[in-house]
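# Reading the structure
One letter stands for each residue in the lines below.
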Amino acid sequence: MASIHIEDIRKAYGDFHVLHGVDLDIADGEFVVLVGPSGCGKSTLLRMIAGLEEVTSGTIRIDGRRVNDLDPKDRDIAMVFQSYALYPHMSVKDNMSYSLRLRKAAKEKIAGAVNGAAGKLGLEPFMQRRPRALSGGQRQRVAMGRAIVRQPKAFLFDEPLSNLDARLREHMRAEIKKLHKELGATSVYVTHDQIEAMTLADRIVAMNGGVIQQVGSPLDLYDRPANLFVAGFIGSPAMNVFEARYRHAGDAAEAVLGDGTTIRLARAYPVAEGARITIGIRPEHVIVGENGRGIPAVVELVEPTGFGTILHLRLDGVHIKAFSLERQAPASGAAVDIRFAPDRLHVFDENGARIEAGKAP
Amino acid sequence: MRKKRLGLTIAHRLAILAYIVVALFPLFWLLKVSVTPNELLYSEGVRLWPSSTTFQHFSFVLVHSDFPRFFKNSVIVSGGTAIIVTILASLAGYALSRFTFRAKYWIVALMLLTQMFPLVMLVAPIFKMLSPLGLTNSLTGLIIVYVAFNVPFATFLMQSFFDGIPKDLEEAAMIDGATRFMAFRQIILPLTLPGIAATLGFVFTAAWSELLFALMLISGNQAATFPVGLLSFVSKFSVDFGQMMAAGVLALIPACLFFLLIQRYLVQGLTAGAVKG
């Protein structure tokens, strides 16, 4: 197992820049998830670690050794592809043993490693089959098996669950997590699915536009998003955001919306009076009542999920979503009032960066 | 409804039958003439099958004519051309499919350009070039010319087969510990067998039946290929149809055998890419 250090990595195809200087340290045994929308550069970064893309500038070190100019085969990493990339003309067993056979490992060692991996993943009954005779979930397992057989320094996953249906994805997600616990292997996992990111990661790296937006533990990103992008990307349904102006009010402060509605903030923020800010609140922190205390709003749409209820609300042209575990939700078209828990509000400056409360202006 | 469907099926089969008859009739005629004794050829009029048959033409062609040598020459030239072209086209097709490199666009354009000239235009310059090199009247010269003319098309053919194989596969192999060439040889090439068979078959038949260059570059019987050799049955005063047709029938054998061998891959190959998976 090994650590991975990434220093000021840049990638450009001609004049088209994909990564604009990425720095990241991945500790030995850590499970890091790169998450972001399509085209944010997360897969490119992963492929650069794997050696499948050339590094335009910057340094990648695996276990302290600079690997920029090493071929993929010399980096001692394993990768699980979205398409699984199983060799169609080889049996499951041959697929899994290919890397060891290339390394001319002893026959007994190969058999031991392959059988061990097959046992871990429940693949024993399929060892003689070709990949096309397997279901999607089984193929996915073979791809994982092929990666763990070799005991590489690090595992790279490129959206490995994207081709599976929802139920299987959930199942495999748990398996991957279990496997990581068992092997303790350094893992870098790329996904655009924030649930996968939240559930799997020790640390999440949120990326957008070829730049890292925030690095932190899943709950860190959820509770203290560094900017509006992370706030909107992590969490489903997404965080509600409103543009407002900042107003001091004694020890605390207020955010004044366009229509004059004021929202009380728990504490003062280091911003000038009247500055443009964006406030954000997660749907589960929107409290919906029908007793006339709060900001009046109209229910536009009710989405029962079984687990809870998502309410789409409108207040003076602003749309917000509220989530509650209650099933007894107001009906569509009903007039309600909403309140925001002041200590749950997120405040961002006019560039979208998070502002922490309490510091003097 | 059922009747209509039955009618349509019958019409469909009849259409196929008509096509097969039209396509195969010349071959049948070839066979028929090859077994017709000389004395019956003109005396019996037009008949579907002669009143008596003979293998005398075959035995003459095999024993007394130069045909075995033409045949051997053709096998060498066509086989050699097919193998060389397929190797070159596999490598070039892989490069075009997988790599981006400078002047790729122009190389492709140039390769296309070579396919646009009528071959007749090129006969004289090629003769001029090969002659001082001692490559006229030689099988090697013929192979070089055939390879040159077949490589571009075969490259495009192979490229389309490589395009159909996901890049992930060799990337996975390279991460597993293979060099790119090993990944190509162990992972990609086995998956391209249908394409290779199609290319081999295509080039082999093209070279097997090529007449123009064989006629222009080869004089005399020593290095003549089979299509040229066929003309030796045409003399100043007569055409020996029986022997010519017998030679023709014999010449069909290797092509048939070849396609029989590769047809399993060929059908896969020609339909590859039509259906995903």
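Residue indices begin from 1 for each chain and proceed along its sequence in written order. Written order determines the labels here, with chains lettered from A and ligands numbered from 1. Local features in this predicted model are restricted to residues of pLDDT 70 or higher, and side-chain atom pairs are both shown and tallied only at a pLDDT of 80 or more, whereas totals for entire chains, interfaces and linings draw on every residue. Only hydrogens and water are set aside; all other atoms, that is, all heavy atoms of the structure, feed into the side-chain values.

Before going further, it helps to spend a moment on the pairing of strand β18 (residues 318-324) of chain A. Residues and elements named next belong to chain A. Here a strand pair is declared whenever DSSP counts at least two bridges between the two strands. Labels follow the DSSP assignment, with helices taken as runs of H or I lasting at least four residues and strands as runs of E lasting at least two, numbered in each case from the N terminus. Sheet topology places strand β17 (residues 309-315) next to β18; 7 bridges connect them, and they run antiparallel. Its bridge partner being in β18, His312 is matched across the sheet by Lys321. Two successive antiparallel strands, β17 and β18, enclose a turn made up of 2 residues, where Asp316 displays a positive phi of approximately 45°.

On to the UniProt feature "domain: ABC transporter" (unreviewed entry) in chain A, then. UniProt positions are given in the numbering used here, feature names are shortened, and annotations may be inferred rather than shown by experiment. Here, the residues flagged by UniProt with the feature "domain: ABC transporter" (unreviewed entry) are residues 4-234 of chain A. Annotated as residues 4-234 of chain A, this span is 37% helix and 26% strand, and its ends, taken at the C-alpha atoms, are 25 Å apart.

What follows is about the sheet that holds strand β20 (residues 346-348) of chain A. All names here are of chain A. Strand order in the open sheet formed by 5 strands is β13-β12-β11-β14-β20, and the pairing between neighbours is antiparallel. The sheet terminates laterally at β13 (262-265) and β20, the two strands that pair on one side only. Within this sheet the neighbouring strands show an average axis-to-axis angle of 40°, counted without direction. Across 4 bridges, the pairing between strand β12 (residues 252-257) and β13 is antiparallel. Bridging from a neighbouring strand, Ala255 pairs with Ile263 of β13. Only the contacting stretch of a helix is used when fitting its axis, a line to C-alpha atoms as for every element, and angles between N-to-C directions run 0 to 180 degrees.

Note that an α-helix has 3.6 residues per turn; residues three or four places apart therefore point the same way. Among all positions in helix α3 (residues 56-63) of chain B, only B:His57, B:Phe58 and B:Val61 are buried. Looking straight down α3(B), one finds its buried side chains confined to an arc of 100°; they lie on one side. Working definition: with a 1.4 Å probe on protein chains only, accessible area under 20% of the residue-type maximum means buried, over 50% means exposed, and in between means partly exposed. Think of it as the arc spanned by the lines of direction from the helix axis to the C-beta atoms.

With that settled, consider the UniProt feature "transmembrane region" (unreviewed entry) in chain B. The sites that UniProt annotates as "transmembrane region" (unreviewed entry) are residues 12-31, 75-96, 105-127, 139-162, 183-205, 211-234 and 246-267 of chain B. This span, residues 12-31 of chain B, is 100% helix and 0% strand, and a straight line between its end C-alpha atoms measures 28 Å.

Right, let's talk about a nonpolar patch on the surface for a bit. Candidate patch residues must exceed 30% relative accessible area and have no salt bridge, after which like charges are joined if within 9 Å and Val, Leu, Ile, Met, Phe, Trp or Tyr side chains if within 5 Å. Shrake-Rupley sampling with a 1.4 Å probe provides the accessible areas, and residues are treated as covered by the protein chains on show and by no other component. A pairing counts as a salt bridge when a side-chain nitrogen of Lys or Arg comes within 4 Å of a carboxyl oxygen of Asp or Glu. Judged by side-chain polarity, B:Tyr42, B:Leu211, B:Leu215, B:Met216, B:Leu231, B:Val234, B:Val239 and B:Phe241 come together as a nonpolar surface patch covering roughly 670 Å² of accessible area. On the secondary structure map, B:Leu211 appears in the loop between α10 (193-208) and α11 (212-217).

Classification of ring pairs uses Phe, Tyr and Trp, with its six-membered ring standing for Trp, and accepts pairs whose centres are within 6.5 Å; under 30 degrees between planes counts as stacked, over 60 as edge-to-face, and the remaining range as tilted. The full count for this structure, using the stated rule, is 26 aromatic pairs over all chains. When the ring of A:Phe31 is compared with that of A:Phe157, the centres are 6.2 Å apart and the planes differ by 20°; the resulting orientation is stacked. Separated by 126 residues along the polypeptide, A:Phe31 in strand β3 (residues 31-35) and A:Phe157 in strand β7 (residues 154-158) bring together distant segments of the chain. By the burial criterion, A:Phe31 is buried, and A:Phe157 matches it. The interplanar angle of 85° and the centroid separation of 5.8 Å between the aromatic rings of B:Tyr94 and B:Phe99 together place this pair among those described as edge-to-face. Take B:Tyr94: its relative accessible area is 5%, and that puts it in the buried class. Judged by relative accessible area, which is 30%, B:Phe99 ranks as partly exposed. Site record: aromatic cluster; members linked through ring pairs are B:Phe67, B:Phe71, B:Phe204, B:Trp208 and B:Phe226. Think of it as a cone above the ring: NZ of Lys or CZ of Arg counts as a charge over the ring if it is within 6 Å of the ring centre and within 35 degrees of the ring normal. Above the face of the A:Tyr87 ring, A:Arg146 is positioned so that its terminal group lies 4.6 Å from the ring centre. Against the face of A:Tyr222 rests A:Arg282, its NZ or CZ located 3.8 Å from the ring centre.

Right, let's talk about the environment of A:Asp23 for a bit. All names here are of chain A. If you trace the backbone, Asp23 turns up in strand β2 (residues 16-26). Residue class for Asp23 comes out partly exposed when judged on its relative accessible area of 48%. Taking the C-alpha atoms as reference points, Asp23 and Ile9, 14 residues apart in sequence, are found 6.7 Å from one another. Each residue touching Asp23, except ones within four places of it in the same chain, is listed here: Ile6, Glu7, Asp8 and Ile212. Throughout this description, a polar contact denotes any pair of N or O atoms lying within 3.5 Å of each other; where both atoms belong to protein, one of them has to be capable of donating a hydrogen while the other can accept it, and for residues adjacent in sequence the pair is counted only when both atoms sit in side chains. A distance of 2.8 Å separates a polar atom in the side chain of Asp23 from the backbone nitrogen of Asp8. It only takes one pair of heavy atoms within 4.5 Å for two residues to be counted as in contact.

With that settled, the discussion passes to the domain arrangement of chain A. Residue and element names in this part refer to chain A. What marks off one domain from the next here is an automatic or database domain assignment. Taken as a whole, chain A is organised into domain 1 (4-233) and domain 2 (240-348). Each of domain 1 and domain 2 has a C-alpha centre, and these two points are 39 Å apart. Listed per partner, the contact involves 7 residues of domain 1 and 6 residues of domain 2. Two parts placed together each lose some accessible area under a 1.4 Å probe, and the buried area is that loss summed for both. Its largest share of buried area at the contact with domain 2, domain 1 owes to Tyr222, Leu228 and Ala231, together 73% of the area lost on that side. Our enumeration of links across domain 1 and domain 2 arrives at 2 residue pairs in polar contact (both at pLDDT 80 or more). Elements represented by at least two residues in the side of domain 1 that touches domain 2 include exactly α7 (218-223) and α8 (228-233). Each residue gets one label: Ala, Val, Leu, Ile, Met, Phe, Trp, Tyr, Cys and Pro are nonpolar, Asp, Glu, Lys and Arg are charged, and the others, such as Gly, are polar. Split by residue class, the side of domain 1 that touches domain 2 holds 5 nonpolar, 1 polar and 1 charged.

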